[in-house]
Amino acid sequence: MSLGDLQQLSMLAVARLGEDAYGAAIREELRGIAGRNVSVQTVWVTLVRLEEQGLAESIQVPRPGGGRARRIFSLTPSGWQALQAARASMARMWEGVVVP
Amino acid sequence: MTDSLNEPPRWTRRMLRRILGMGKGADALEDVDSEYRIVRGRRGSAIAGIWYFTQLLRPDTWQLARVIRRAEDGRLTPRRYPLRISWLDLRLGVRMLVKHPGLTIVATLALGVGIPAGLAPGHVARVEQTALPVREADRIKVLRYLDTTSGRLHTPFIDEFRDWRDNLSSWRSVAFTSLQRRYNVVTRDGRSEPVQGAAVTPSFFEILEVPPLLGRPLVASDDVPDAPHVVVIGHALWRSRFGADPDVVGRQVRVGGVQRTVVGVMPEDFRFPYRDELWLPLQSNDVSVSAGEPVPFRRASSLVFGRLRDGVSTEQAEDELAAVRNHWVAQRTEPIRAAPGVDYASLKPQVVGFLTGLFAKPAGAPSGPAVLAQLLGLLVLVVACANVGMLIFARTAARTSELAVRTALGASRRRIVFQLFVEALVIALIATGVGLLVAQGAVSQLLEAYQEAQPYWLDYGISLETMLWALALATGSAVIAGTIPALRVTGAGLRIRLGRATTGAPLRFGGLYGVLTVTNVALAVATVGAGAFLWLARPELATSAELSPRLVVAEVAIPNRSVRQGPITDDISVEDWVRAYTDKVLALRVELVRRLKTQAEIVDVSIADVLPGSPPNTRYVEIEAVASAGALGSRRARVTHVHPGFFEAIGRPFLTGSEFGAVNLEATATSVIAGSTFARRVLGERNPLGRRLRYTDGRGEPAGPWYEIVGVVDDTGLEGGQGIGGIGEDRAEGGLYFPLADETRSFDLIVRLEANPGSFAPRLRRLIAEIDPTYIVSEPQPLRTVVASSEFRATAPIKAAILLTGFLVVLAAAGTHALMSLTVSQRRREIGIRTALGAQANDITGLVARRAIGQLGVGSVLGAPLAWWILRGAEVPGLGGSRLVVAVVLACGVALVVAALACTGPIVRALRVMPSETLQSEA
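Residues numbered from 1 in each chain as written. Chains lettered and ligands numbered in written order. Predicted model: local features only at pLDDT ≥ 70, side-chain atom pairs only at ≥ 80, totals over all residues.

Undergrad: Just checking my understanding: could you explain the overall build of chain B for this structure?
TA: Along its length, chain B carries 29 helices and 24 strands. The buried share of chain B, taken over its 923 residues, is 40%. A sequence separation of at least 24 residues applies to 82% of the contacts in chain B between residues at least 6 apart. (Helix = DSSP H or I, 4+ residues; strand = E, 2+ residues; numbered from the N terminus. Buried ≥ 20, exposed ≤ 12 C-beta atoms within 10 Å, placed from the backbone. Contact = placed C-beta atoms within 7 Å.)

Undergrad: Would you take a moment to explain the overall build of chain A for this structure?
TA: Summing up its helical and strand segments, chain A has four helices and two strands in all. Counting from the amino terminus, helix and strand elements in chain A follow one another as α-α-α-β-β-α. The burial tally for chain A puts 35% of its 100 residues in the buried class. Within chain A, contacts between residues separated by at least 24 positions form 41% of all contacts whose residues are at least 6 apart in sequence.

Undergrad: Would you explain the interface of chain A and chain B in this entry?
TA: Buried accessible area, meaning the area lost when the parts come together, often serves as the stated size of an interface. With 17 residues of chain A in contact, the opposing surface of chain B contributes 16 residues. Elements with a minimum of two residues in the side of chain A that touches chain B: helix 2 (23-34), helix 3 (40-52) and strand 2 (70-75) of chain A. It is helix 3 of chain A that contributes the most residues to the side of chain A that touches chain B, nine residues altogether. Looking at the side of chain A that touches chain B, its residues break down into six nonpolar, five polar and six charged. (Nonpolar A, V, L, I, M, F, W, Y, C, P; charged D, E, K, R; others polar.)

Undergrad: How do you make sense of the pairing of strand 10 (residues 278-281) of chain B when you look at a structure like this?
TA: On a regular strand, each side chain points to the face opposite its neighbour's, so the side chains alternate between the two faces of the sheet. All names here are of chain B. Neither face of strand 10 is left uncovered, since the one carrying Leu-278 and Leu-280 and the one carrying Trp-279 and Pro-281 both have all their residues buried. In this sheet, strand 10 lies alongside strand 5 (residues 192-200) in parallel orientation, the contact comprising four bridges. Paired with Ala-199 across the two strands is Leu-280, which belongs to strand 10. (Pairing = 2+ DSSP bridges.)

Undergrad: Would you mind showing me how to read the packing of helix 2 of chain A against helix 3 of chain A here?
TA: Packed helix pairs are characterised by how far apart their axes lie and by the angle those axes make with each other. All names here are of chain A. Relative to each other, helix 2 and helix 3 sit at 105°, their axes nearing to 9 Å. Comparing their axes, helix 3 and helix 2 come out roughly perpendicular. Contacts between helix 2 and helix 3 involve Gly-23, Ala-24, Ile-26, Arg-27 and Leu-30 from the first element and Val-40, Val-43 and Trp-44 from the second. Here the residues of the contact of helix 2 with helix 3 are counted per class, giving six nonpolar, one polar and one charged. (Axes fitted to C-alpha atoms, helices over the stretch in contact; angles between N-to-C directions. Parallel < 35°, antiparallel > 145°, perpendicular 65-115°, else oblique.)

Undergrad: For this particular structure, what's the right way to read helix 4 (residues 45-57) of chain B?
TA: Within an α-helix, residues lying three or four positions from one another point in the same direction, as the helix has 3.6 residues per turn. Residues and elements named next belong to chain B. Taking 1.5 Å of rise per residue, 13 residues should cover 18 Å, and helix 4 covers 19 Å from first to last C-alpha, within 8% of that figure. Within helix 4, the full set of buried residues consists of Ala-48, Tyr-52 and Gln-55. All buried residues of helix 4 project into a common sector of 45° when viewed along the axis, lining one side. Residues Ala-46, Ile-47, Thr-54 and Leu-57 are exposed on helix 4 and point more than 90 degrees away from its buried face. (Expected span 1.5 Å × (residues − 1). Arc of directions from axis to C-beta.)

Undergrad: Help me understand the confidence of the model for chain A, please; the structure alone is not making it clear to me.
TA: A low pLDDT score tells you not to read the predicted coordinates there in detail. Looking at chain A, the pLDDT average stands at 89 and 96% of residues meet or exceed 70. Confidence, read as mean pLDDT per element, is least for strand 1 (residues 56-61) of chain A in chain A (88) and greatest for helix 1 (residues 5-17) of chain A (94). (pLDDT = per-residue confidence, 0-100.)

Undergrad: Mind showing me how you'd approach the confidence of the model for chain B here?
TA: All names here are of chain B. Mean pLDDT over chain B works out to 77, with 80% of the residues at or above the 70 mark. Per-element averaging of pLDDT across chain B places helix 12 (residues 287-290) at the bottom with 36 and strand 7 (residues 230-233) at the top with 93. Confidence over residues 499-506 falls short of pLDDT 50; this stretch has 11 contacts with residues more than four positions distant or in other chains. Below pLDDT 50 for its whole length, residues 720-730 participates in 53 contacts with residues either more than four positions away or in separate chains. Here the complex is predicted with pTM 0.55, and the ipTM for its interfaces comes to 0.90.

Undergrad: Quick question: what am I supposed to make of helix 3 (residues 24-43) of chain B here?
TA: All names here are of chain B. Here helix 3 is 20 residues long and its end C-alpha atoms lie 28 Å apart, about the 28 Å a rise of 1.5 Å per residue gives. Those residues of helix 3 that sit buried are Lys-24, Gly-25, Asp-27, Ala-28, Leu-29, Glu-30, Asp-31, Val-32, Glu-35, Tyr-36 and Arg-40. Gly-44 lies just past helix 3 and shows a positive phi near 95°.

Undergrad: Which parts of the structure should I look at to understand unusual backbone geometry?
TA: Residues and elements named next belong to chain B. Looking along the chain, the bond that leaves Phe-272 and enters Pro-273 is cis, with omega of 0°. Its location among the elements puts Pro-273 in the loop between strand 9 (258-265) and strand 10. A positive phi is found at Glu-209, a non-glycine position, where the angle reads about 55°. The residue Glu-209 is located in the loop between helix 9 (203-208) and strand 6 (214-215) in this model. Although it is not a glycine, Ala-244 adopts a positive phi angle of roughly 55°.

Undergrad: Just to check I follow, could you spell out the packing of helix 7 (residues 101-127) of chain B against helix 18 (residues 464-489) of chain B for this structure?
TA: Residue and element names in this part refer to chain B. Closest axis-to-axis distance for the helix 7/helix 18 pair is 10 Å, and the angle between their directions is 140°. Here helix 7 is positioned oblique relative to helix 18, judged by the angle of their axes. Regarding helix 7 and helix 18, the two cross each other, and that crossing is right-handed. Along its contact with helix 7, which presents Leu-111, Ile-115, Gly-118, Leu-119, Gly-122, His-123 and Arg-126, the element helix 18 presents Glu-465, Thr-466, Trp-469, Ala-470, Leu-473, Ala-474 and Ser-477. Residues of the contact of helix 7 with helix 18, tallied by class, amount to seven nonpolar, five polar and two charged. (Left-handed = near helix turned anticlockwise from the far one by under 90°.)

Undergrad: Mind showing me how you'd approach the environment of Arg-191 of chain B here?
TA: Residue and element names in this part refer to chain B. With respect to the helices, strands and loops of the structure, Arg-191 is situated in the loop between strand 4 (181-186) and strand 5. Classification of Arg-191 by C-beta neighbours within 10 Å gives partly exposed; the count is 14. Along the backbone, Arg-191 and Arg-766 are 575 residues apart, and their C-alpha atoms lie at a distance of 7.2 Å.

Undergrad: What is the right way to look at the pairing of strand 5 of chain B in this model?
TA: Residue and element names in this part refer to chain B. Two strands pair when backbone bridges link them, and strand 4 and strand 5 are joined in this way by six bridges, in the antiparallel orientation. Bridged to Val-185 within strand 5 is Glu-193. If you look at the hairpin formed by strand 4 and strand 5, you'll find five residues sitting between the two strands, and Gly-190 has a positive phi there, around 90°.

Undergrad: Would you explain the environment of His-643 of chain B in this entry?
TA: With respect to the helices, strands and loops of the structure, His-643 of chain B is situated in the loop between strand 16 (634-642) and helix 22 (646-650). Apart from residues lying up to four places away in sequence, His-643 of chain B is in contact with Arg-589, Val-593, Ser-606, Ile-607 and Leu-740 of chain B.

What follows is the structure in structure tokens.
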């Protein structure tokens, strides 16, 4: 399964954030680390689609200080596989490439 | 900083929540809220508020809503099928119709009336856009005057028309035609029958460019003084009266007393301008016109039309017309005689489309009654849909458990909504079929009643296009009546109810149904008010049933040439000349009556000058003051002139006094007979015999000699739909009957026969033709039929309004009843607990009916001005005054009765709720 650019970045952000991978945090991660300034809605569209494809899953987790529970995303085994495959294919493509 | 300050703007959040929905949508909204707090911390609350609002407008917000909805639906229905109407859907729909027959009947009736009502104005507008069946029909326009002061329309003077014909360069040709005239046609076989025809200028045929089937059209040489008398006949007349003789051209026929030569036969599909069957040259036919006199200003009795040259716009033609007209006025030496009350200077020339001119409609976009009819039609449809929607909502709400189970079994919300839509569609399609059948019947009835006034190329029958529109409206109705309730019932709460399907959480009706109920009540009050006003202001009808079936009536006209006499010379004064002329006419009328009375099958014959159902001739009269009674002031009366023996002929008894004697045929006759209504209203208990009255001009100034009342007769019943004294502001106090002693040449001949009419009608025309073949005689008809048809035309709109009113009231009651019943069934537990805690009957009644009563109150308050607006928009005369107040009060009373009827059943059921049983069943 080939992944789009934003899908890969979002999955990596989910992986980096671990148990704090909720929408706003993922958006901040994309903006701060990858320099991608996307809205939280766009992040959510990507994550819901990843869920539909079986690459991610989510659960509601209560917040420590009370308040409404947050939906935390994580990668499924298929998601990890797809991410690794994407990384490998990217690495293969880079092999032999000489940057002038 | 408190938590509440960290919260995003409430209204915007509510909107976002609506867009994104529950479940993951709510989780996503939490993240958007987190973003808001970040923005707020960085840039302040104002900027953050704006930022938050812009999230409503962002495409990715809406995309997210779609993605989440699809994902959540997909979770319930892993495999998705395209939605198509299957036989199963239709069978389920039909099964629901059978299972709820009450709803089926009410909904079918509601949509069966609502869909044709919504359809009718558009249908009529589409039909009236049908182009004339001639070449380049859009270049044919009507030239007319608009009185800028009164807003009335006028045709031009005939000599002004001639000036236009000679000087207008924007037009290829212009023509003058009379409208809806009837001519007595006598053929060689002696048959004499009236035929609708037009007196036209020869340019009429040049403009229409339709070649004749045989012979030639009228040409310029037919239009000169002393030209031979000719006629062009229509295809139907050629077939019916000339046996489709191919050698008809050159044959003689007597038309309106003049022997004419047939010069042409027009093809079958040419009956211009209405349903005409013969065309005569205007110049030789119309005495008043050929004398060069101005044609009297009459609405739509004649028409000037023409064909614009290529490339000339309507505006250019109108500008040129104004210039030519100003030049004509400047050149004229003698004064222009316009009709009384018309200022020639205020007449503005107009160039309009042919049908606009023919139907004497205002130029430009439709306004006033036309727009109102359109709006009301749509309003009736929307209200019908809304009410059916309420009924379906109530039924659907009662099926919550079934829907919850279906959801649990994997049916998506989309699937359930679609099924409910199909159920509503089945009802709407049946209703549309019923509605179209009813509409077709009504159209046939109306076309038969007004056939001669329908241009021949307009087909008001239900066309394929109208049927497609009906199907579209049916689908739209099903969307409103089926889908909206379905969306509400299957909304977020359905899954909650799924968890406790047996008890069912109560469904809230929400603001939408509150608005619908208020609209419903407002419209019911408005239509009841308008209907009640029309009923109160209706014409007073003397019943036609009292008229003998042996009475026959025919309109007779004595042509001018039959009484033509020499010019006024120095040897004879104008008065003597007029007297001699009147005597001639009088003698002809008396002779006609005398000759007819000698016929074996005729019992009696008489004459009146106002036809049954014609607009009444109302005049102000003043009753002379006497010592025993003071002055009675000026009163309005419906005036009819009748031949002596009239009342005996029609069989109306005298309450007091007697008939006119033969002496009353003198022009100096001074007797008058009062109708019973006039005598009762004006003179009350006083003895009317011997009292004198005279015409006044409305300001109380005398306008004629004194007449003495010699008798009081029971109202004649001949007034037809116009009523005893007309309607609105012209309403008269009743009828007065004066002797017919003037020079009237067009009158109503009333004949009492020995037996029922049967086939007497053609015989009467033959008898009159034997007396004088020049007399023009209309189709003789039973008097009862004429009066009844006039009554039908006058009262049909009122009856339709009352029918519509009843329909809306029943619908409003049904809708309110359905919702109230549902409220009670859903609040049984609450009612039980309240009763157990000591609530009294009043409290329970208030609990159940409070909301409905509030909505009825608001609806009634809105309905009263709406009634006034409807009546004003429909240009109903005599609007205002005590009748309107009575009508509105009556309407509010009806609304209360409806409310009481709708609420009684549910309230009684609520009061019968036993707390122990309810709580036991809950447990």
